[in-house]
Amino acid sequence: MRKITLSTLNKMKAEGDKFVCITAYDATFSRLISDAGAETILVGDSLGMVLQGHDSTIPVSIDDMAYHTQCVLGGNPQSLVIADLPFMTYSTADQAMDNATALMQAGAQMVKMEGGTWLSDTISRLVERGIPVCAHLGLTPQSVNIFGGFKVQGRTPKEAKSILANAVEIQDAGASLLVLECIPAELAADISSKLDIPVIGIGAGPGTDAQVLVMHDLLGLSNARARFVHNFMEGQATIQDGLKAFVDAVKSGDYPREEHCYR
Ligand code: KIV
């Protein structure tokens, strides 16, 4: 596999080829994930839950993210590496610039931020200065205390309209990718077809351009019970086989299925 770039992902969207993202936090798994054929690796702030044992991503610091981004790069993955800006590290454009710089210097090729319209100016400023941005809409876990839990978003016409409007605005601001988390499958498919940038879904049905799962969830190592979580280790002998089973299922359209979707 050649080094994956944003051009690769844009071409895949244009040609209707699904791509895959898996979270990683260290060198060993980043190598295994890259070898399994996942085009992108997300150094997710989910590390607060799956590595640090917190009940949300809120305690994660920028130093944690920079450290794990460096670890992931140590696996020398051919996949494109995206790193999350954690809670309250991008609440102003200047703060975002400093913290995104730290992640890019740790080796990330793109940073991810949760939010829509309010981030437009920040996204434009980062992109103008050479930092590609992946936005994240729907169930944005850093706002769990606003949502009152990890709840499906976009089920009412008003919420659905707002998510679509936010998606268009962040694309216009210069975002290169968008993650849509836990929204109805029809809404995610509609947004993916309306945007030029590739859309990565998690709990967002089969109509997005790509799928992401937290590695511990797809390997059956977590106690996550969300309906989109599937244990890809079932029937597999090795971790490498489990990772490959997820990659193959996304690319063949076998995941996500109806039972993994919200309506
Ligand atoms: O932190 C993370 O792992 C994420 C994914 C759930 C998309 O943001």
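Residues numbered from 1 in each chain as written. Predicted model: local features only at pLDDT ≥ 70, side-chain atom pairs only at ≥ 80, totals over all residues. Heavy atoms only, no water.

Engineer: Help me understand the overall build of the chain in this model?
Structural biologist: When helices and strands are tallied, the chain shows 11 helices and 8 strands. In terms of C-alpha radius of gyration, the chain reaches 17 Å, essentially the compact-globule figure of 18 Å for 263 residues. The principal-axis extent of the C-alpha atoms belonging to the chain is close to 45 × 40 × 40 Å. Counting across all 263 residues of the chain, residues that qualify as buried make up 56%. Expressed as a percentage of contacts within the chain between residues at least 6 apart in sequence, the contacts between residues at least 24 apart total 63%. Looking at the chain as shown, the accessible area adds up to about 11,000 Å², and 52% of this sits on carbon and sulfur atoms. (Helix = DSSP H or I, 4+ residues; strand = E, 2+ residues; numbered from the N terminus. Rg over C-alpha atoms; globule rule 2.2 N^0.38 Å. Buried < 20%, exposed > 50% of the residue type's maximum accessible area, 1.4 Å probe, protein only. Contact = heavy atoms within 4.5 Å. Areas by Shrake-Rupley, 256 points an atom, 1.4 Å probe, with all protein chains shown as cover.)

Engineer: Mind showing me how you'd approach the nonpolar core here?
Structural biologist: Most often, soluble globular proteins have nonpolar side chains that are buried together. Ranked by internal contacts, the top residues of the largest apolar core, which has 88 residues, are I22, L178, L180, I191, L243 and F246. Every residue in contact with L243, bar those within four places of it in the chain, is listed here: I22, L32, I33, A36, M215, L218 and L219. (Core = buried A, V, L, I, M, F, W, Y, C linked by side-chain atoms within 4.5 Å.)

Engineer: What is the right way to look at the pairing of strand β1 (residues 19–23) in this model?
Structural biologist: When a strand is regular, its side chains alternate between the sheet's two faces. Counting buried residues along β1, 5 of its 5 residues qualify, which places the element largely inside the surrounding structure. The alternating pattern of β1 places F19, C21 and T23 on one face and V20 and I22 on the opposite face, and all of these are buried. As judged from the 4 bridges shared by β1 and strand β8 (residues 210–213), these two strands associate in the parallel manner. Its bridge partner lying in β8, V20 is registered against Q211. With 3 bridges joining them, β1 and strand β2 (residues 40–43) adopt parallel strand pairing. Bridged to T23 within β2 is L42. Between the parallel elements β1 and β2, the chain passes through helix α2 (residues 27–35) in a crossover that is right-handed. (Pairing = 2+ DSSP bridges. Right-handed = clockwise from strand over helix to strand, strands pointing away.)

Engineer: Please explain empty space enclosed by the protein as it appears in this structure.
Structural biologist: Over the atoms a probe the size of a water molecule is rolled, and this reveals where empty space is left. Under the defined criterion, the tally for this structure stands at 1 cavity of 30 Å³ or more. C21, L42, I82, K112, C134, V179, I200 and V212 together form the lining of the largest cavity. Here the residues of the lining of the largest cavity are counted per class, giving 7 nonpolar, no polar and 1 charged. (1 Å grid on protein atoms, 1.4 Å probe; cavity = no way out; pocket = protein on both sides within 12 Å on 5 of 7 lines; lining within 4 Å. Points joined across faces, edges and corners; volume = space filled by probe spheres on them. Nonpolar A, V, L, I, M, F, W, Y, C, P; charged D, E, K, R; others polar.)

Engineer: Would you explain helix α6 (residues 120–128) in this entry?
Structural biologist: Structural remark: α-helix, 3.6 residues per turn; residues separated by three or four positions point the same way. Three or more residues of α6 are buried, namely S120, T122, I123 and L126. All buried residues of α6 project into a common sector of 160° when viewed along the axis, lining one side. In the core, the buried residues of α6 are packed alongside α5 (93–105), β4 (110–114), β5 (133–138) and α8 (157–173). At the exit of α6 stands G130, carrying a positive phi of roughly 100°. (Arc of directions from axis to C-beta.)

Engineer: Could you clarify how one ought to interpret the site of the ligand in this entry?
Structural biologist: T23, L42, G44, D45, S46, D84, K112, H136, E181, I202 and V214 make up every residue found near the ligand. In the model, an oxygen atom of the ligand is placed 2.6 Å from a nitrogen or oxygen of the S46 side chain. For the ligand, whose unbound accessible area comes to 260 Å², protein coverage reaches 96%. More than half of the atoms belonging to the ligand lie within 2 Å of the grid points that define the largest pocket. (Near = heavy atom within 4 Å. Polar contact = N/O pair within 3.5 Å; in protein donor to acceptor, adjacent residues only side chain to side chain. Sits in = over half its atoms within 2 Å of the grid points.)

Engineer: Which parts of the structure should I look at to understand the environment of L73?
Structural biologist: By secondary structure assignment, the location of L73 is in helix α4 (residues 62–74). Looking at L73, the relative accessible area reads 28%, which means it is partly exposed. C-alpha separation for the pair L73 and H54, spaced 19 residues apart in sequence, amounts to 24 Å. Leave out the neighbours within four places in its chain, and L73 touches V81, A106, G107 and A108.

Engineer: For this particular structure, what's the right way to read the packing of aromatic side chains?
Structural biologist: Centre-to-centre distance and the angle between the planes together describe a pair of aromatic rings. Here the structure, examined in full by the defined rule, presents 4 aromatic pairs. Between Y90 and W118, the aromatic rings sit 6.0 Å apart at their centres with planes inclined by 10°, giving stacked as the arrangement. With Y90 in the loop between β3 (80–84) and α5 and W118 in the loop between β4 and α6, this residue pair connects regions lying 28 residues apart in the sequence. Assessed through its relative accessible area of 52%, W118 is described here as exposed. Site record: aromatic cluster; members linked through ring pairs are F232, F246 and Y255. (Phe/Tyr/Trp six-rings, centres within 6.5 Å; stacked < 30°, edge-to-face > 60°.)

Engineer: It is not clear to me how α5 should be interpreted in this structure. Could you clarify?
Structural biologist: The terminal C-alpha atoms of α5, which comprises 13 residues, lie 18 Å apart, in line with the 18 Å expected from a rise of 1.5 Å per residue. Of all the positions in α5, only A93, A96, M97, N99, A100 and L103 are classed as buried. The inward-facing, buried residues of α5 contact α4, β3, β4 and α6. Looking one or two residues beyond α5, the residue adopting positive phi is G107, at roughly 120°. (Expected span 1.5 Å × (residues − 1).)

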